[in-house]
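Listed below, chain by chain, are the residues.
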Amino acid sequence: MVNIGDLAPTFNLKSHDNQDIYLNKYLGQKKILLFFYIYSFTEGWTLQISQFRQMLPEFQEIDTQVLGISTDPSPSQKAFSISLGNINYPLLSDFHPKGKISKIYKVYDYNKGTSKRSILLINKNGIIKFKRIYSDISEFKINTIFNELNNITSSTLFRNSGA
């Protein structure tokens, strides 16, 4: 199980704009806000994804890369991004094999066949510092995320997990 204090499992996924995104690219350089969402075009996370886009300059000020993951295929995520005015951070497809990364991070809902609503915050060294699974989007508070990100420090040297 992936918990707070664990080294974040690395991955390579296709983004909504068909780019290969490697988690390792950011490790050692930026904190990471990694969020998993159920489906593109769902009401709750549609608002949050737009909010993350609008607040991207604030995330950049605190040296944070935003990455979103769902089990939707890349073309669906591309259409979703366009419908929201072009998302300016990677939306990643965990489509094939279905939910592989969601399962590794222990945020996969086997009953629905989707990722669970969740946020993980990872420090520059790749250590998970915050993890929360949301049963309802109303539980999500952006101020909590900013406070947690501002409290994250890198206390150990970065080590590549080799994945």
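**Student:** Could you clarify how one ought to interpret the overall build of the chain in this entry?
**Tutor:** Secondary structure assignment for the chain yields 5 helices and 9 strands. For the chain, the sequential pattern of α-helices and β-strands runs β-β-β-α-α-β-α-β-α-β-β-β-β-α. Taking the principal axes of its C-alpha atoms as reference, the chain extends roughly 40 × 30 × 30 Å. Among the 163 residues that make up the chain, the fraction classed as buried is 52%. Within the chain, contacts between residues at least 6 apart in sequence are counted, and of these 69% link residues at least 24 apart. Taken as two groups, the 19 positive and 13 negative side-chain charges of the chain have centres that lie 5 Å from each other.

**Student:** I would appreciate a short explanation of unusual backbone geometry in the present structure.
**Tutor:** For residues other than glycine, phi is negative in most cases, and the peptide bonds are mostly trans. In the segment running from histidine 96 into proline 97, the intervening peptide bond is cis, with an omega of -5°. Looking at the secondary structure, you find proline 97 in the loop between strand E5 (91-93) and helix H4 (100-104). Unusually for a residue other than glycine, asparagine 18 sits at a positive phi of about 65°. Among the secondary structure elements, asparagine 18 is positioned in the loop between strand E1 (12-15) and strand E2 (20-22). The phi angle at phenylalanine 41 is positive, at roughly 70°, despite the residue not being glycine. Looking at the secondary structure, you find phenylalanine 41 in the loop between strand E3 (31-36) and helix H1 (43-54).

**Student:** When you look at the nonpolar core in this model, what are you seeing that I'm missing?
**Tutor:** Soluble globular proteins: nonpolar side chains tend toward being buried together. Counting 27 residues, the largest nonpolar core has Leu33, Phe35, Phe52 and Ile119 as the members making the most contacts within it. Counting only elements with at least two residues in this core, the list comes to E3, H1, helix H2 (56-61), strand E8 (118-122) and helix H5 (142-151). Considering each element in turn, this core owes the most residues, 4 residues, to H5. Grouped together as the second largest cluster of nonpolar side chains are 20 residues, Ile21, Tyr26, Leu27 and Leu92 included.

**Student:** Quick question: what am I supposed to make of the pairing of E8 here?
**Tutor:** Remark: a regular strand shows side chains that alternate across the two faces of the sheet. With 5 of 5 residues buried, E8 lies mostly within the body of the structure. Alternating residues of E8 divide into Ser118, Leu120 and Ile122 and Ile119 and Leu121, and every residue in both groups is buried. When E3 meets E8, the two strands line up antiparallel, connected through 5 bridges. By the bridge assignment, phenylalanine 35 is partnered in E8 with isoleucine 119. The sheet contact formed by E8 and strand E9 (residues 128-133) spans 5 bridges and is antiparallel. Considered in E9, the bridge of isoleucine 122 is made with isoleucine 128.

**Student:** Which parts of the structure should I look at to understand the pattern of salt bridges?
**Tutor:** Between side chains of opposite charge, a pair can form when the charged atoms approach closely. With the rule as written, the count across this model stands at 4 salt bridges. In this structure, aspartate 20 and lysine 14 form a salt bridge, with 3.3 Å as the shortest nitrogen-oxygen distance. Residue class for aspartate 20 comes out partly exposed when judged on its relative accessible area of 40%. Glutamate 139 is paired through a salt bridge with arginine 132; the nearest N and O atoms lie 3.5 Å apart. Given a relative accessible area of 27%, glutamate 139 falls into the partly exposed group. On the basis of relative accessibility, which here comes to 32%, the residue arginine 132 falls in the partly exposed class.

Thresholds applied
Every chain begins its residue count from 1, and numbering advances along the sequence as written. pLDDT decides what is reported in this predicted model: residues at 70 or higher carry local features, side-chain atom pairs at 80 or more are listed and counted, and totals for whole chains, interfaces and linings draw on all residues regardless. Note that water and hydrogens are dropped before the side-chain values are worked out from all heavy atoms of the structure. Each helix corresponds to a stretch of at least 4 residues labelled H or I by DSSP, and each strand to a stretch of at least 2 residues labelled E; elements are numbered beginning at the N terminus. For every residue, the accessible area (1.4 Å probe, protein chains only) is compared with the maximum for its type, and the residue is labelled buried under 20%, exposed over 50%, or partly exposed between those bounds. The contact definition used throughout considers only heavy atoms, calling two residues in contact when any of these lie within 4.5 Å. Charged-residue counts in this description rest on Lys and Arg as positive and Asp and Glu as negative, His and the chain ends being excluded. Charge positions are represented by NZ for Lys, CZ for Arg, CG for Asp and CD for Glu. Buried Ala, Val, Leu, Ile, Met, Phe, Trp, Tyr and Cys residues that are joined via side-chain atoms within 4.5 Å together make up what is termed a nonpolar core. At least two bridges found by DSSP between two strands are what make those strands a pair. Whenever Lys or Arg places a side-chain nitrogen within 4 Å of a carboxyl oxygen from Asp or Glu, that contact is recorded as a salt bridge.

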